[in-house]
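Listed below are the residues making up each chain.
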Amino acid sequence: MSYFPVMIQLEKEPVLVVGGGKTALRKVEILLAFGAAVDVVAPRLRPELQEMPVGLQERPFQPGDLEGKSWRLVVAATDDRAVNRAVSEGCQALGIPVNVVDDPELCTFIFPAIVKQQDVVCAVSSGGHSPLVAQWVKRRVQQVLPKDIGAVNEAMGRLRKTLQQQEPDAAKRKETLKRKLAELLRNSD
């Protein structure tokens, strides 16, 4: 089964991560890079998590953790399949999108391999079959993208706004934008 790709806005949105190990740490880092308001629940927490701007509760997961807050997403990243299953079932009963690391059967969404340069984001999925394949494709994407594609995108966004105000003809706006993009890409890297 293929997953439908959706880009979701997480800026200041509440996200729960269940687990406090290395994998949970990686997921928290990704979520923070997208501005999520992350809470972590785990009986043991890596020291690095205590240095991050996240809410921490050093205790086992409880089903009530899923209630009382409008979680945008939940990630189960424990090494305990029973806990991961409880998180998944609880989320699905409440209609909360859930990712259970390394267990696609329990997921309603998966974490893709991500390339991010400012607001330019590329996501690669293997449908949960092979994270190594997704990582390989990610590296290839990184090789072909200009190193400053994020800055190019920002410049194009500013020009687009200006042209929308100054040029009423959509076809002329598009041609101007295409020329500018080609120029910026020639000058990048």
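Source: prediction; values computed, not measured.

### A word on the overall build of the chain
Piece 1. Counting secondary structure elements, the chain contains six helices and seven strands.
Piece 2. Each helix and strand of the chain, ordered N terminal to C terminal, gives the series β-α-β-α-β-β-α-β-β-β-α-α-α.
Piece 3. If one aligns the C-alpha atoms of the chain with their principal axes, the spans along those axes are about 60 × 35 × 35 Å.
Piece 4. Every one of the 189 residues in the chain was classed for burial, and the buried ones make up 37%.
Piece 5. Put simply, 51% of the contacts in the chain that link residues at least 6 apart link residues at least 24 apart.
Piece 6. For the chain, the exposed surface amounts to about 11,700 Å²; the carbon and sulfur share of it is 52%.
Piece 7. If you average the places of the 26 positive and of the 23 negative side-chain charges in the chain, the two averages end up 8 Å apart.

### As for the nonpolar core
Side chains of a nonpolar character, in soluble globular proteins, are inclined to be buried together.
Piece 1. Residues Val17, Val28, Leu31, Val38, Val40, Leu49 and Val75 are the most contacted members of the largest nonpolar core, which totals 21 residues.
Piece 2. At the level of elements, β1 (14-18), α1 (22-33), β2 (37-42) and β4 (73-76) are the ones that each hand at least two residues to this core.
Piece 3. For this core, the element with the most residues is α1, which contributes four residues.
Piece 4. Those residues in contact with valine 40 that lie beyond four places of it in its chain are Val17, Gly19, Val28, Leu45, Leu49, Val54, Gly55, Leu56 and Gln57.
Piece 5. Val18, Phe61, Val87 and Cys91 belong to the second largest nonpolar core, which has 16 residues in total.

### Describing the pairing of β1
Piece 1. Summarising burial for β1: five of the five residues are buried, a large majority.
Piece 2. What you see with β1 is no split at all: Pro14, Leu16 and Val18 on one side and Val15 and Val17 on the other are buried throughout.
Piece 3. Pairing between β1 and β2: five bridges, direction parallel. Residue pairing in the sheet places valine 18 in a bridge with valine 41 of β2.
Piece 4. For the segment spanning β1, α1 and β2, crossover handedness is right-handed.
Piece 5. Two strands pair when backbone bridges link them, and β1 and β4 are joined in this way by four bridges, in the parallel orientation. What sits directly across from valine 17, in β4, is valine 75.

### Some words on unusual backbone geometry
The phi angle of most residues is negative, glycine excepted, and most peptide bonds adopt the trans form.
Piece 1. The phi dihedral of lysine 12 falls on the positive side, at around 65 degrees, and the residue is not glycine.
Piece 2. Here lysine 12 is to be found in the segment before β1.
Piece 3. Of note, glutamine 118 is a non-glycine position whose phi angle comes to about 55 degrees, a positive value.
Piece 4. Inspection of the secondary structure puts glutamine 118 in the loop between β6 (113-117) and β7 (120-124).

### Some remarks on the side chain of aspartate 39
Piece 1. Structurally, the position occupied by aspartate 39 is in strand β2.
Piece 2. The exposure class of aspartate 39 is buried, given its relative accessible area of 16%.
Piece 3. A polar atom in the side chain of aspartate 39 sits 2.6 Å from the side chain of lysine 69.
Piece 4. In contact with aspartate 39, not counting residues within four places along its chain, are Val15, Leu16, Val17, Gly55, Lys69 and Trp71.

### Points about a nonpolar patch on the surface
Piece 1. Where nonpolar side chains cluster on the molecular surface, the patch consists of Phe4, Val6 and Ile8 and spans about 350 Å² of accessible area.
Piece 2. Note on placement: valine 6 falls in the segment before β1.

Cut-off values and rules
- Residues numbered from 1 in each chain as written.
- Predicted model: local features only at pLDDT ≥ 70, side-chain atom pairs only at ≥ 80, totals over all residues.
- Heavy atoms only, no water.
- Helix = DSSP H or I, 4+ residues; strand = E, 2+ residues; numbered from the N terminus.
- Buried < 20%, exposed > 50% of the residue type's maximum accessible area, 1.4 Å probe, protein only.
- Contact = heavy atoms within 4.5 Å.
- Areas by Shrake-Rupley, 256 points an atom, 1.4 Å probe, with all protein chains shown as cover.
- Lys, Arg positive; Asp, Glu negative; His and termini not counted.
- Charge placed at Lys NZ, Arg CZ, Asp CG, Glu CD.
- Core = buried A, V, L, I, M, F, W, Y, C linked by side-chain atoms within 4.5 Å.
- Pairing = 2+ DSSP bridges.
- Right-handed = clockwise from strand over helix to strand, strands pointing away.
- Polar contact = N/O pair within 3.5 Å; in protein donor to acceptor, adjacent residues only side chain to side chain.
- Patch = residues over 30% accessible without salt bridge, like charges linked within 9 Å, V, L, I, M, F, W, Y side chains within 5 Å.
- Salt bridge = Lys/Arg side-chain N within 4 Å of Asp/Glu carboxyl O.

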